[in-house]
Amino acid sequence: MTIVVPGRANLIGEHVDYNDGLSLAFAVPYDVRVEVQPGGDVVQLEAEGFGSYRQGTDPAHEFERQAAAVFNELTPAPGTWRITSTLPAGAGLSSSAAYLGALVLASGARGSLIEMARLVQHVEHVAGSKVGLLDQLATLGAREGHLLLIDFHTLQYRDVLWPADLHLSAVDTGVRRQLATSAYSERREQCDAARATIGPWRDATDDDLRKIDDPVVRARARHVISEIQRVGAVNDALARSDVARVGELVDESHRSLSSDFDVSTPQIDDLVGRVRACAGVLGCRLMGGGFGGCLLVVHDGSFDEQPRFRQWALSAASGAFERLALAR
Ligand code: GLA
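All residue numbers refer to position in the chain's written sequence, counted from 1. Residue-level local features of this predicted model are given only where pLDDT is at least 70; pairs of side-chain atoms are given and counted only at 80 or more, and the full residue set underlies all totals for whole chains, interfaces and linings. For the side-chain quantities, the full set of heavy atoms in the structure was used; hydrogens and water were omitted.

Draft legend 1. Fine view of the pairing of strand β7 (residues 156-161). Relative to β7, strand β6 (residues 146-151) is paired through six bridges, and the arrangement is antiparallel. Within β7, the residue paired with L149 across the bridge is R158. The turn joining β6 and β7, which pair antiparallel and follow one another in sequence, is formed by four residues; a positive phi near 60 degrees is taken by L155. We call two strands paired when DSSP finds no fewer than two bridges between them. Strands here are runs of E lasting at least two residues and helices are runs of H or I lasting at least four, both read from the DSSP assignment and numbered beginning at the N terminus.

Draft legend 2. Representation of the nonpolar core within the structure. Put simply, buried Ala, Val, Leu, Ile, Met, Phe, Trp, Tyr and Cys residues joined by side-chain atoms within 4.5 Å make one nonpolar core. Buried residues are those whose accessible area, probed at 1.4 Å on protein chains only, stays under 20% of the maximum for their type, while exposed residues exceed 50% and partly exposed ones sit between those limits. Core analysis: the biggest nonpolar cluster contains 101 residues, and L11, L24, L45 and L140 have the highest contact counts within it. If one sorts the elements of this core by residue count, strand β2 (residues 22-38) sits on top with ten residues. Contact definition: two residues touch when any of their heavy atoms are within 4.5 Å. L24 has contacts with N10, L11, I12, L147, L148, L149, V160, V231, V234, N235 and L238, leaving out every residue within four places of it along the chain. With 13 residues, the next largest nonpolar core counts V171, V275, C278 and F309 among its residues.

Draft legend 3. Structural view of the sheet that holds strand β8 (residues 167-172). Strand order in the open sheet formed by four strands is β9-β10-β8-β11, and the pairing between neighbours is antiparallel. Sheet topology places β9 (281-286) and β11 (311-314) at the edges, where each strand pairs with a single neighbour. Here the strands of the sheet are splayed against their neighbours by 25 degrees on average, with no regard to which way each runs. Here β8 pairs with β11 via four bridges, running antiparallel. Residue S169 lies in a different strand from β11, and its bridge partner there is A313. To obtain an axis, a line is fitted to C-alpha atoms, over the contacting stretch when the element is a helix, and the angle between two such axes runs from 0 to 180 degrees between their N-to-C directions. Packing of helix α7 (residues 243-260) onto the sheet brings it into contact with β9 and β10 (294-299), and relative to β9 it is tilted by some 30 degrees. Contacting β8, β9 and β10, helix α8 (residues 266-276) crosses the sheet at an angle of about 165 degrees to β9.

Draft legend 4. Inspection of the pattern of salt bridges at higher detail. What makes a salt bridge here is a side-chain nitrogen of Lys or Arg within 4 Å of a carboxyl oxygen of Asp or Glu, nothing more. Evaluation of the coordinates by the stated rule reveals 22 salt bridges. With a closest N to O distance of 3.8 Å, D31 and R323 form a salt bridge. Remark: R323 occurs in helix α9 (residues 320-323) and D31 occurs in strand β2; sequence separation between them is 292 residues. Among the residues examined, R323 registers a relative accessible area of 35% and is labelled partly exposed. Here K211 and D208 are joined by a salt bridge, their closest N and O atoms 2.7 Å apart.

What follows is the structure, encoded as structure tokens:
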């Protein structure tokens, strides 16, 4: 048996998955594979580029801790699991969600998309990262040629056709997310504080921001409210194939992530400026949790030739459910 789980990219809707917001994400053509060879008495993991881990032994490295979290929660059949990956590790394309998703599926767990996304999220929480549901839903549930519009308030989702003239790339910031875990929890706490004052995010408007006294918490809330609005606006622009408008909204998202949500750095803002200045670029923003990882670039198709940056061409690949022909 071979399980393949891709990474994800997020066109728009950042730091709103844990705020009952909306995101437009997709599965990327880079993935984590687990080849299962039954036999033996426990699971023996052989992860190319990382090392080996035997179920039941003390985990030392991050990839082992994550595997141990899966093996403690589930009851996989014994065997040798060979893991290979074409996803750059830690570069902001959700290598963690893909790796954990692959281990969970290889362990034999099955269920609806929401149940499986929650299970992978649960394991990630057990392994120490209190993430939202964005990465799991996109890596498991996205369809080839489509973005997945996810409503985190109702947990409903819808496939949105990828317009032919939408060109996206990911540019490596080279920064591997230091600060990220503590800052991520701090942002979640600040968002919870804002919500306690203004009520449900989806009913909140800019006027509500005046009710928040703390200027930092107010700025975090301004990002959440405006980002949720931008997801709707990007969805409308995609329906009209208005890629220039998508680019503008992606630029606005970066300004909001940088000044209101404060998850960028001067070095990353500088890189965004340099990418933005390249011919054919229509928009650029920091993608994912922040403080590193990669940038998302909206362009006219010519940026792929740009040699100045380490980059990956993005397109909408099949999520794990589609690959395994599982019903969502
Ligand atoms: C990380 C988390 C996601 C989401 C993004 C920010 O990627 O894993 O749940 O919160 O940050 O949008």
